[in-house]
Amino acid sequence: MVMGTYRPLKRRTMQWFSKDGPMVIFFPLILKQLFHLGRLYPWPKPEHCPRCGSHRLWGHGFVTAYFDGFDQPFFLKRYRCPNCRCVLRLRPSGYFKRFQSPVATIRCSIAQKTKAGHWLPGLSRSRQCHWLRSLCKRIKAYLTDTWNLGAVAAFDYLLMKGQTPVSRAI
Ligand SMILES: [Zn+2]
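**Observations concerning the environment of G38**
Here comes step 1: Looking at where G38 falls in the secondary structure, it is placed in the loop between α1 (31-37) and β3 (58-65).
Here comes step 2: Put simply, G38 and K77 are 39 residues apart on the chain and 9.9 Å apart in space, counted from C-alpha to C-alpha.

Laid out in C-alpha cells, this is it:
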C-alpha cells in the first residue's frame, strides 16, 4: 500500500458496478420523493447498456429494498438489455448494495468507535460491530497488515476502489 495513492473521495453522480449479478447504477435522488411516488418515480433511463453499449434498454419491473428511517419497502427500477441480457438495477447513491444505512452513517459509526471509543447512539450495536469487523477483515485481505492510516482512511480508500468497505463477502 503506497500512501500516495490515497485520495479523498470525490462525489460521483453515477457509478457502474459489474460484479456478479445485476449491474447496479447509483443515482443521486431524494429518498423521501422516491418513497412517496413509489413506482411512479421518474427514474432516469441510462443512455446505453454499460456492458455492450446497446442503446436499446427495456423496463424490467422493480425490486423492493428497505432503507433506514422508512418502515415500508422502496421500489427500485430495473432495466434489461435485450442485446446482452444484462439486468441493470437503479439505486439511490449514498447507499451500498444490500445495506439499509447510508454510507455516511456507516463511516461515521466507524470513526466514532475507532476515535472516540463508543458506538453511535440510536443504532443497533450489533449492526455497527458487524460493520467494523467486516472492515477489519477487508483491511487484512486487501491492504497490508501494516496499514496504519486508521480504519476511516481504509474505508475511504476501499470505497474509492469501488469496493463496499463493510461487505462481509471478501
Ligand atoms: Zn447490453
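**Considerations on the packing of helix α3 (residues 125-142) against helix α4 (residues 151-160)**
Here comes step 1: Interhelical geometry of α3 versus α4 gives an angle of 70 degrees and a closest axis separation of 10 Å. One element, α3, and the other, α4, form an angle in the roughly perpendicular class. At the point where α3 passes α4, the crossing takes the left-handed sense. Only A151, A154, F155 and L158 of α4 make contact with α3, whose side of the interface consists of L135, R138, I139 and Y142.
Here comes step 2: Residue classes in the contact of α3 with α4 are distributed as seven nonpolar, no polar and one charged.

**A look at the confidence of the model for the chain**
Here comes step 1: Confidence in the prediction of the chain, expressed as mean pLDDT, is 85, and 88% of residues score 70 or more.
Here comes step 2: Scored below 50 in pLDDT, residues 1-20 makes 24 contacts in the model with residues more than four places away or belonging to other chains.

**Let's talk about the environment of H55**
Here comes step 1: Tracing the backbone shows H55 in the loop between α1 and β3.
Here comes step 2: Taking the C-beta count within 10 Å as the criterion, H55 has 10 such neighbours and is therefore assigned exposed.
Here comes step 3: Excluding residues that lie within four positions of it along the chain, H55 makes contacts with E47 and H48.

**Things to note about helix α2 (residues 103-116)**
Here comes step 1: Over its 14 residues, α2 runs 19 Å from end to end, which matches the ideal 20 Å to within 8%, given 1.5 Å per residue.
Here comes step 2: Where α2 is buried, its residues meet α3 and α4.

**Details of the packing of α2 against α4**
Here comes step 1: For the pair α2 and α4, the least separation of the axes is 9 Å and the interaxial angle reads 155 degrees. One way to sum up the angle between α2 and α4 is to call them roughly antiparallel. Within the contact between the two elements, α2 uses R107, I110, A111 and T114 and α4 uses A151, V152 and F155.
Here comes step 2: Class assignment for the residues of the contact of α2 with α4 results in five nonpolar, one polar and one charged.

Cut-offs applied
Note on numbering: residues in each chain are counted from 1, in written sequence order. Only residues with pLDDT of at least 70 are given local features in this predicted model, and only at 80 or more are side-chain atom pairs given and counted; all residues enter the totals for whole chains, interfaces and linings. Where helices and strands are cited, they refer to DSSP runs of H or I of at least four residues and of E of at least two residues respectively, numbered from the N terminus. The axes are straight lines fitted to the C-alpha atoms, using for helices just the contacting stretch, and the angles between their N-to-C directions are given from 0 to 180°. Geometric relationships in this document are graded by angle, where less than 35 degrees denotes roughly parallel, more than 145 denotes roughly antiparallel, 65 to 115 denotes roughly perpendicular, and other angles denote oblique. Here a crossing is called left-handed whenever its near helix is offset anticlockwise from the far helix by less than a right angle, and right-handed whenever the offset is clockwise. Contact between two residues is assigned whenever their backbone-derived C-beta positions fall within 7 Å. Under the grouping applied here, Gly and all other residues not named as nonpolar or charged are polar, the nonpolar ones being Ala, Val, Leu, Ile, Met, Phe, Trp, Tyr, Cys and Pro and the charged ones Asp, Glu, Lys and Arg. Confidence of the predictor at the level of single residues is given by pLDDT, which spans 0 to 100. Here the C-beta atoms are placed from the backbone, and a residue counts as buried if at least 20 other C-beta atoms lie within 10 Å of its own, exposed if 12 or fewer do, and partly exposed otherwise. Given the number of residues in a helix, its expected span is that number minus one, multiplied by 1.5 Å.

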